[in-house]
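# What the coordinates show
Next come the chains, spelled out residue by residue.
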Amino acid sequence: MNLNLIKEIFLDTNRLNKDGIRIHSDSELEEMRLSCKLAAETLDMIGDYVVPGVSTERINKLCHEYILDNKAIPATLGYRGFPKSCCVSINHVVCHGIPGPKTLKESDILNIDVTCILNGWFGDSSRMYIAGSISKKASRLIEVTYKGLLKGIEVVKPGNTFGDIGEAIQKYVESKKMSVVRDFCGHGVGQNFHSSPNVLHFGEKKTGSILEPGMFFTIEPMVNLGKPETKILSDNWTAVTKDKSLSAQFEHTVAVTSYGVEVLTLSPQDKFYPL
C-alpha cells in the first residue's frame, strides 16, 4: 500500500463521526447536488412514458440512455449482480423490481428507483407513477406514503436523531391504518452507494445517532395497505408484500445543514408527487 493511499484513508477516517457516519464538506455538497439533480431529472423524463402497454424494459432502456447521455453511470446496473439500470416495482412489489417484458396495465401503480453516479457521487431517488386511471385505495396509499416521507424530512435538523425520523413516519402512517415496511431502510450515500447510517422508517424519539451538518442520506419509506411483512422472490431481488396488498414508496436524498435540511432530489418540473 503506497503512502498516498494511506494518507487518503487516514483523512477519510477522520471525517467520520463517533458513530462512523461520514461528515461532508460544503464543496462535496456541491458535487452531491449535481448527481441528485440528474436523478430527479431522470425521473421527470420517464413520467411521460408510464402508460398502459409500455414494458418495464422500455422504461429501463430510457432511464439507462438518459443517464449515459448526461455523462453519468446507472449505479444499479451490475450492483451485487442486479441486471438493470433502474428498479420498477408494480402494485404489490415493495421494491427492487427487475425490469423485463412485463407491460403496464390500466390502473397499475409503480415505483421507479434510479441512482446516478456523476463524477463519483451517487444521487438516489424514487417516486410513484400511475398508468392511466387510479383506484381510490391506491390513491390514498400514494398520498399517505408521500406525506409520510414529508413527515420524516420535517424533523431533519442538527440535534435531532434518526429515531425522530422513524417515529414521525411510523406515527403518521399507522394513524392512517396502514403499515410501514420493516425489512428495508434508507441509508447513507455520497461517494458510496450505501453507507452508514441505516435510516429506519419506524422507531422512537431521541434514539439513534444525532443528526449533524454534513450528513447525506436517503429517506425512503415503503408503506403497505395491508400488513408490513415482505418476502423475496426466487430472483433474489424482487420484494413483495406477503399478503399481496398494494405497496408504495417515495425516496429523497437529503443533506443535513446548519439550518436544517436540504432536499437534494427535488423534481425540477415539480412532478415528484403524481396526484
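See the structure shown above.
This report concerns the structure included in the present document.

Rules used in this analysis
Residues numbered from 1 in each chain as written. Predicted model: local features only at pLDDT ≥ 70, side-chain atom pairs only at ≥ 80, totals over all residues. Heavy atoms only, no water. Helix = DSSP H or I, 4+ residues; strand = E, 2+ residues; numbered from the N terminus. Buried < 20%, exposed > 50% of the residue type's maximum accessible area, 1.4 Å probe, protein only. Pairing = 2+ DSSP bridges. Axes fitted to C-alpha atoms, helices over the stretch in contact; angles between N-to-C directions. Core = buried A, V, L, I, M, F, W, Y, C linked by side-chain atoms within 4.5 Å. Contact = heavy atoms within 4.5 Å. Salt bridge = Lys/Arg side-chain N within 4 Å of Asp/Glu carboxyl O. Polar contact = N/O pair within 3.5 Å; in protein donor to acceptor, adjacent residues only side chain to side chain.

## With respect to unusual backbone geometry
As a rule of thumb, non-glycine residues mostly have phi less than zero, and peptide bonds are mostly trans rather than cis. Cis rather than trans, the peptide bond between Ser-196 and Pro-197 has omega equal to 5°. Mapping Pro-197 onto the fold places it in strand E8 (residues 195-199). Notably, Lys-71 is not glycine yet its phi reads approximately 60°, a positive angle. In this structure Lys-71 comes out as exposed when scored by relative accessible area, which is 71%. Phi at Asn-91 takes a positive value of approximately 55°, unusual for a residue other than glycine.

## Notes on the sheet that holds strand E11 (residues 230-232)
The 3 strands are arranged E3-E12-E11 in an open sheet whose pairing can be described as antiparallel. Each of the sheet's edge strands pairs with one partner strand only, and the pair in question is strand E3 (93-95) and E11. Taking each pair of neighbouring strands and ignoring which way they run, the sheet shows an average axis angle of 40°. Of the strand pairs in this sheet, E3 and strand E12 (residues 239-241) are connected by 2 bridges, and their pairing is antiparallel.

## Quick look at the nonpolar core
Residues Ile-109, Phe-162, Ile-165, Val-173, Leu-211, Phe-217 and Ile-219 are the most contacted members of the largest nonpolar core, which totals 32 residues. The set of elements that each furnish at least two residues to this core consists of strand E5 (121-130), helix H4 (136-154), helix H5 (162-175), strand E9 (216-219) and strand E14 (252-257). Broken down by element, the residue count for this core peaks at 7 residues, all from H4. Residues within four places of Phe-162 in sequence aside, it is in contact with Ile-21, Pro-197, Val-199, Thr-207, Ser-209, Leu-211, Met-215 and Phe-217. If you look at the next biggest cluster of nonpolar residues, it comprises 23 residues, including Met-45, Ile-67, Cys-86 and Ala-131.

## Quick look at the pattern of salt bridges
Scanning the model with the defined rule gives 11 salt bridges in all. The shortest N-O distance in the salt bridge between Glu-57 and Lys-84 comes to 2.6 Å. Here Glu-57, found in helix H3 (residues 56-69), pairs with Lys-84, found in the loop between strand E1 (73-74) and strand E2 (87-90); they are 27 residues apart in sequence, far enough to count as distant. By relative accessible area, which is 26% here, Glu-57 ends up partly exposed. Notably, a salt bridge pairs Glu-174 with Arg-182, separated by 3.5 Å at the nearest N-O pair. Residue Glu-174 is classed as partly exposed on the basis of its relative accessible area, which comes to 35%.

## Focus on the environment of Glu-106
Mapped onto the fold, Glu-106 is located in the loop between E3 and strand E4 (109-118). A relative accessible area of 47% places Glu-106 in the partly exposed class. Here the alpha-carbon distance between Glu-106 and Gly-53, two residues 53 residues apart in the chain, equals 8.3 Å. With sequence-adjacent residues up to four places away left out, Glu-106 is seen in contact with Pro-52, Ala-131, Gly-132 and Ser-133. From its side chain, Glu-106 meets the backbone nitrogen of Ser-133 in a polar contact 2.7 Å long.

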